[in-house]
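Residue-level listing of the chains:
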Amino acid sequence: MLLLSRPTPNKLESLRGYILRLSQANSYHTTQYVLELADLWTGRNYDTASKYVFGDSNLSKLAKITNTSKGELEALRYGLDDQKQSSIHGHLISNEHLRLDYPRVCPECLESNNIALAVWDIPALTVCPVHHMSLFDYCPECNTRLRWNRPAVHQCHKCNCDFRSYTSDKLSEKQYRLSRLIHQLCMIDKINHRMIPNVLKNHSLAEVLSLVSSIAFFDYHLLGDQSKDGKFLSLKTAPNYRLHEHYTNAMKHLDNWPHNFYQFMAESRQNRRSQGMKEGISKEVGGIFYFLRANNEKAIYRPLWEAYCNFREVAARKTLDELRLARIHAKNIPVSTAAKELKIRPEQLRKFCERLNIPLETAYKDVKLISREQVADLKDFISKLLTIRQSADIMGISVYQLRAMVRKDVITPLRGPTIDQSRDWYFEPESIEAFHQQIAKYCLYKGAKRTHDMDLKQALEQLSYYQMGLAEIVQAISAGKLRPASESKAITLNALQFSAEEIKALRPELKSNNDYWQPPEIEKYLGCKKDLVYGLLKSGHLPMEKVSLPGRTRPVVACKKSEVKAFNENFYLLRTLSRKTGVVSEKLRKLLEAKKIQPVSGPTVDGGYCHFYKKNKNIDKLLKELGAK
């Protein structure tokens, strides 16, 4: 079936523009009817880019209904190869440099030929290169965005407004020079290099579009234009006036090479620094740096990469000079600098500040600042602190003994692993003095030579077997249980003398062997094997205890004699009954069950280790019967 009206394709128009012109010629309200006849209708919104524009859909039926050769229609298609490159007027460009979703028109071009030119689908071309006026992408009458499914090339789909009756102001050459360059590159015309930046001269259409679009994109981000959801808009979907603004700015950044480009990178860097990004020049410049680094081997980007390298060198020197001046005159200095002045590690200084509630300001990221006045106060404070070695010498004890006292909260340092997870211990002289005064309250100074004849080393030897040390001695002194003697009021722990009686009184009471039985003794008393004894202990039927017995360095497992005797008086073990009667244990258990005698505990009752029964008359009677047999 042929269409009634079949206009000839124009090599300057796009395939979608030609289908729109076919719909207009046949008085169809939308392009859907033509697409359905050509088997190109996808059933989706036909305002989006579809397979017949970029893909490999068969155009044979479209050629048939228009009585046109398939080759002419293929020439209008942009196509898409394996490299995601499209073809427009014989030039291969990246697919991202074509804009199909939102059409644009020039009213004066429509007045002369009434076709949708293919070059209008290039987003970088925002101005008509012939009439020097901005392209329309909104209806001038109803302000509705243009769509492809409209009644005619020159008509609005909503209000049927005729675009040809409208016009706009002419733009200056600086504003349309990029569109003119793109049009000349597309049509392979003689290039007019008037007012064209040097970095764009003698390059292909694909290279020019790639460079200018990248700069426009970064300019777009620099100005901070964002949609309502906080995401940056795509240049392919932005309105034409916004595209024109950013592409015009991109050309300005490339003018006066390379000074305007330096200024552009400086603005981008300043913008990111104001947002808190202060991690070096490259990261501060942001996307421009990463893009140029990835493409610096391409000829068109090489001048920009060289310009960036020069900019970075100059900016680095300038930044260092600014930092030197700022550091000299700043009231606050970095913690790392202050740590060098105090001759300590930066993490030590931060711990001191946390401990002493000294506020630190955040300059950028993890860099902390401290005021010079506070550094001077800290210097005086740190110089008075005592290390653990110095503190131990003053107290007359070893470092290990002092560390044990700290861990048992006998004395509290200012800093250390138990206080703020720092590596070093520091003590305030006041805390050491307060500790000595506390000990001095309970010391005897006269008349104690006869009774107090044991020094600190001997006292510790007496208590070491009971896992008691210096910390327990100091706690006993503070509790009034020990009254050591001292020849001087200048107290040191190693000079104290102790009473042997008081030291013996600190020993814990030991439990006697006469009150407990260990498993071998229980086994002998009950007349059973070792596994039964441990089974009863673990199940709790014989209360198990871990007791410290004389002559033993570690606690042992034992049970009170009274508990074992009580168990033997009240219960029969099944194995013991089996041995007495000569009946196998399992058979004996079934005989007892037949007599309705149930075990108190066992594997079949509560998962216990062994069966045992409560002593009663029924069991005794059964035992006599079995014994007689």
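Residues numbered from 1 in each chain as written. Predicted model: local features only at pLDDT ≥ 70, side-chain atom pairs only at ≥ 80, totals over all residues. Heavy atoms only, no water.

Undergrad: If you had to explain the pairing of strand S1 (residues 85-88) to someone new, which residues and values would you point to?
TA: Of the two faces of S1, only the one carrying Ser86 and Ile88 is buried; Gln85 and Ser87 on the other face are not. In this sheet, strand S2 (residues 91-94) lies alongside S1 in antiparallel orientation, the contact comprising four bridges. Within the sheet, the bridge partner assigned to serine 86 lies in S2 and is isoleucine 93. In sequence, S1 turns back onto S2 through a hairpin of two residues, with histidine 89 there showing a positive phi of about 55 degrees. (Buried < 20%, exposed > 50% of the residue type's maximum accessible area, 1.4 Å probe, protein only. Helix = DSSP H or I, 4+ residues; strand = E, 2+ residues; numbered from the N terminus. Pairing = 2+ DSSP bridges.)

Undergrad: Could you give an account of helix H10 (residues 259-274), with specific residues and numbers?
TA: Look at H10: 23 Å from first C-alpha to last across 16 residues, which is about the 22 Å you get at 1.5 Å a residue. Turning to H10, its buried residues number three or more, namely Phe261, Phe264, Met265, Ser268 and Arg269. Along the long axis of H10, the arc covered by the buried residues comes to 135 degrees, so they all point the same way. Along H10, exposed side chains directed more than 90 degrees from the buried face belong to Gln270 and Ser274. (Expected span 1.5 Å × (residues − 1). Arc of directions from axis to C-beta.)

Undergrad: So what's going on with the pattern of salt bridges? Which residues, and what values?
TA: For the coordinates displayed, the defined rule picks out 15 salt bridges. Where arginine 345 meets aspartate 424, a salt bridge forms, and the shortest distance between an N and an O atom there is 3.2 Å. Placement of the pair is arginine 345 in the loop between helix H14 (335-342) and helix H15 (346-355) and aspartate 424 in the loop between helix H19 (417-420) and strand S7 (426-427), with a sequence separation of 79 residues. The salt bridge involving glutamate 586 is made with arginine 589; its shortest N-O contact spans 2.4 Å. Within this pair, glutamate 586 and its partner arginine 589 are both found in helix H28 (residues 585-594), separated by three residues, close to a single helical turn. By relative accessible area, glutamate 586 is classed as partly exposed at 39%. Overlapping salt bridges bring together Glu173, Arg180 and Arg194 as one network. (Salt bridge = Lys/Arg side-chain N within 4 Å of Asp/Glu carboxyl O.)

Undergrad: Tell me about H28, and please be specific about residues and values.
TA: If you check which residues of H28 are buried, you get Leu588, Arg589 and Leu592. Down the axis of H28, the buried side of the element spans an arc of 100 degrees, and every buried residue falls inside it. Turned more than 90 degrees away from the buried face of H28, the exposed residues are Lys587, Lys590 and Ala594. Downstream of H28 by one or two residues, lysine 596 has phi in the positive range, about 60 degrees.

Undergrad: So what's going on with unusual backbone geometry? Which residues, and what values?
TA: Backbone geometry follows two general trends: most residues other than glycine have a negative phi, and most peptide bonds adopt the trans configuration. The step from tryptophan 257 to proline 258 runs through a cis peptide bond, and the omega angle for that step is 0 degrees. Within the element layout of this structure, proline 258 appears in the loop between helix H9 (240-254) and H10. Positive phi is not limited to glycine here, since serine 27 has a value of about 60 degrees.

Undergrad: Report on the sheet that holds strand S11 (residues 545-547), specifying residues and quantitative values.
TA: Whenever strands of a sheet pair, they do so through backbone hydrogen bonds, lying parallel or antiparallel. Taken together, the three strands give an open sheet; going across it, the order is S10-S12-S11, and neighbouring strands pair in antiparallel fashion. Two strands close off the open sheet at either side, each with one partner strand: strand S10 (516-517) and S11. Examined bridge by bridge, S11 and strand S12 (residues 556-560) share three bridges and lie antiparallel to one another. Within S12, the residue paired with valine 547 across the bridge is valine 556. Contacting S10 and S12, helix H26 (residues 561-570) runs over the sheet at an angle of about 55 degrees to S12. (Contact = heavy atoms within 4.5 Å. Axes fitted to C-alpha atoms, helices over the stretch in contact; angles between N-to-C directions.)

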